Amino acid sequence: MSLTSPAQLIDSFDRRISYLRLSVTDRCDFRCQYCMAETMEFLPRAQVLTIEELIRTARLFTELGVRKIRVTGGEPLIRRGVDELFAGLGELPSLETLALTTNGSQLAARASQLREAGVSSVNISLDSLDPTRFRTITRIGHLDAVMKGIDAAIATGFKRIRLNAVILDGLNRDEALPLTRFAIDKNIHIAFIEEMPLGQVNVGGKALTYVSSDELKTELEQHFELRALNSRANAGPSRDFRIAGTGTEVGFISPHSHNFCAQCNRLRISAEGRLLMCLGNEQSIDLRDLLRAGRSDEDIKTTIMESLPIK
Ligand code: SAM
Ligand code: SF4
């Protein structure tokens, strides 16, 4: 990490760190098998950053060069004070992209307010088009609400909408193609994320296994022509392709089969305010302590700059 003027986050490859994922809650209204256990113990509220702390943190990072913030969770749209949060984030002067990752359950009611607050990019998780199977995967989610959320997002006119799908053998292996066709019909994008072993994924006592990006890509190539997109600056861990003759891009995010640490120049902040360099690096900084110790903005920024591990 080196210091430039004005203060900016620069990694050891001299890349400016411009992208931050901000988790605003650990709670969720779904219990997706690959993400959570059926019974969850969530953080006590006092341990989660307040809305004011989240907005201040976001501002400090924009002052350090962050230009894109993706709000995530848990499920961000069930966070109390979420409107105030997005309004505050939308007003940050040097933030260029305000993005959201959501399960879509609350999107029908919130899409236009989010757009007005300045959200331009929305990722919506969708692993099945079949209501019963959707329920099995999410344990308590309703497909109908998510479909309404997707339609509301499209009607609202976000700049970029992408579905995120996790495909598992023995659960929804046959849905990669229908989900891709669905994205094409809706004129939105889709990304397939290889499952990482976080939850307890088994159905009827049978453990389920992840499906590799290469296998899914090969399957889709039997039906569509996939044209590799030029790697954009800060393209991140997704390998993206345009589906020829459509407005849809398909991305493959491959934590198992293609180690993407070298491409990663992202930061993430957990709901309780821990700053982490990436999923694979356990080193973290307790921002909550800094925020609650009455330290000045400059002091906190200096501490962040000095204590981030060199990538
Ligand atoms: N609740 C929101 C949602 O589902 O979109 C935002 C948070 S969720 C943790 C963000 C993304 O991570 C979702 O697209 C979800 O499918 C993905 N995800 C969760 N657990 C995963 C796992 N074990 N492996 C791969 N992706 C996972
Ligand atoms: Fe909730 Fe998203 Fe995890 Fe599913 S993937 S349990 S919707 S946080």
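Structural data are supplied above this passage.
First, a word on what this report is: a plain description of the structure on this page. Bear in mind the structure is a predicted one, so any value in this text is a computation, not a measurement.

1. A closer look at the site of ligand 2
Turning to step 1, where the next piece is worked out: Close to ligand 2 lie C28, F30, C32, C35, M36, G74 and N103, which account for all nearby residues.
Turning to step 2, where the next piece is worked out: Tallied by class, the residues present in the shell around ligand 2 amount to five nonpolar, two polar and no charged.

2. Notes on the pairing of strand β5 (residues 160-165)
Turning to step 1, where the next piece is worked out: Most of β5 is tucked away: five of the six residues are buried.
Turning to step 2, where the next piece is worked out: Strand direction decides the pairing type here: strand β4 (residues 119-125) and β5, joined by five bridges, are parallel. Bridging across to β5, S125 finds its partner in N164.
Turning to step 3, where the next piece is worked out: Relative to strand β7 (residues 189-193), β5 runs parallel, the two being bridged by four bridges. Bridge assignment links N164 to a residue of β7, and that residue is A191.

3. Details of helix α1 (residues 51-63)
Given 3.6 residues to a turn, an α-helix orients residues that are three or four positions apart in the same direction.
Turning to step 1, where the next piece is worked out: Relative to the 18 Å expected for 13 residues at 1.5 Å per residue, α1 spans 18 Å between its end C-alpha atoms, a close match to the ideal helical length.
Turning to step 2, where the next piece is worked out: Following α1 by one or two positions, G65 adopts a phi angle in the positive range, close to 110 degrees.

4. A short note on the site of ligand 1
Turning to step 1, where the next piece is worked out: Contacts to ligand 1 come from 17 residues, most closely from Y34, G74, T102, S125 and M196.
Turning to step 2, where the next piece is worked out: In the environment of ligand 1, an oxygen atom lies 3.3 Å from a nitrogen or oxygen atom belonging to the side chain of N164.
Turning to step 3, where the next piece is worked out: Taking M196, its main chain carries an N or O atom lying 2.7 Å from a nitrogen atom of ligand 1.
Turning to step 4, where the next piece is worked out: Class assignment for the residues of the shell around ligand 1 results in six nonpolar, eight polar and three charged.

5. Focus on the pairing of strand β13 (residues 249-253)
Turning to step 1, where the next piece is worked out: Most of β13 sits out of view: five of its five residues are buried.
Turning to step 2, where the next piece is worked out: Going residue by residue along β13, you find E249, G251 and I253 tucked away on one face and V250 and F252 tucked away on the opposite face as well.
Turning to step 3, where the next piece is worked out: Where β7 lies against β13, four bridges are found, and the strand directions are parallel. Along β13, the bridge assignment pairs F192 with F252.
Turning to step 4, where the next piece is worked out: Of the pairings in the sheet, the one linking strand β12 (residues 238-243) to β13 comprises five bridges and is antiparallel in character. What sits directly across from S238, in β13, is I253.

6. Considering the packing of aromatic side chains
Aromatic ring pairs are defined here through the distance separating the ring centres and the angle between the ring planes.
Turning to step 1, where the next piece is worked out: All chains considered together, the criterion is met by three aromatic pairs.
Turning to step 2, where the next piece is worked out: For the pair F192 and F252, a centre-to-centre distance of 6.1 Å together with 25 degrees between the ring planes defines the contact as stacked. Note that F192 is positioned in strand β7 and F252 in strand β13, a separation of 60 residues in sequence. The same class applies to F192 and to F252, which are both buried.
Turning to step 3, where the next piece is worked out: For the ring pair F241 and F252, a centre distance of 5.9 Å and an interplane angle of 70 degrees mean the geometry is edge-to-face. In this pair, F241 is assigned in strand β12 and F252 in strand β13, connecting sequence segments 11 residues apart.
Turning to step 4, where the next piece is worked out: On the accessibility criterion, F241 (11% relative accessible area) is buried.
Turning to step 5, where the next piece is worked out: On the basis of relative accessible area, F252 is assigned to the buried category, the value being 0%.
Turning to step 6, where the next piece is worked out: Each residue in the set F192, F241 and F252 is aromatic and connected to the rest through ring pairs, giving one cluster.
Turning to step 7, where the next piece is worked out: A cation over an aromatic ring shows up here: K68 above the ring of Y19, its NZ or CZ 4.9 Å from the ring centre.

7. As for the packing of helix α3 (residues 107-117) against helix α5 (residues 143-156)
Turning to step 1, where the next piece is worked out: One can describe the packing of α3 onto α5 by two numbers: an axis separation of 8 Å at closest approach and a directional angle of 25 degrees. Of the possible angle classes, the one that applies to α3 and α5 is roughly parallel. The two elements α3 and α5 meet at a crossing, and its hand is right-handed. Together, L107, A108, A111, S112 and R115 of α3 and K148, G149, A152, A153 and T156 of α5 make up the contact between the two elements.
Turning to step 2, where the next piece is worked out: Residue classes in the contact of α3 with α5 are distributed as five nonpolar, three polar and two charged.

Here is what the cut-offs are and how they apply
- Residues numbered from 1 in each chain as written.
- Chains lettered and ligands numbered in written order.
- Predicted model: local features only at pLDDT ≥ 70, side-chain atom pairs only at ≥ 80, totals over all residues.
- Heavy atoms only, no water.
- Near = heavy atom within 4 Å.
- Nonpolar A, V, L, I, M, F, W, Y, C, P; charged D, E, K, R; others polar.
- Buried < 20%, exposed > 50% of the residue type's maximum accessible area, 1.4 Å probe, protein only.
- Helix = DSSP H or I, 4+ residues; strand = E, 2+ residues; numbered from the N terminus.
- Pairing = 2+ DSSP bridges.
- Expected span 1.5 Å × (residues − 1).
- Polar contact = N/O pair within 3.5 Å; in protein donor to acceptor, adjacent residues only side chain to side chain.
- Phe/Tyr/Trp six-rings, centres within 6.5 Å; stacked < 30°, edge-to-face > 60°.
- Lys NZ or Arg CZ within 6 Å of the ring centre and 35° of its normal.
- Axes fitted to C-alpha atoms, helices over the stretch in contact; angles between N-to-C directions.
- Parallel < 35°, antiparallel > 145°, perpendicular 65-115°, else oblique.
- Left-handed = near helix turned anticlockwise from the far one by under 90°.
- Contact = heavy atoms within 4.5 Å.

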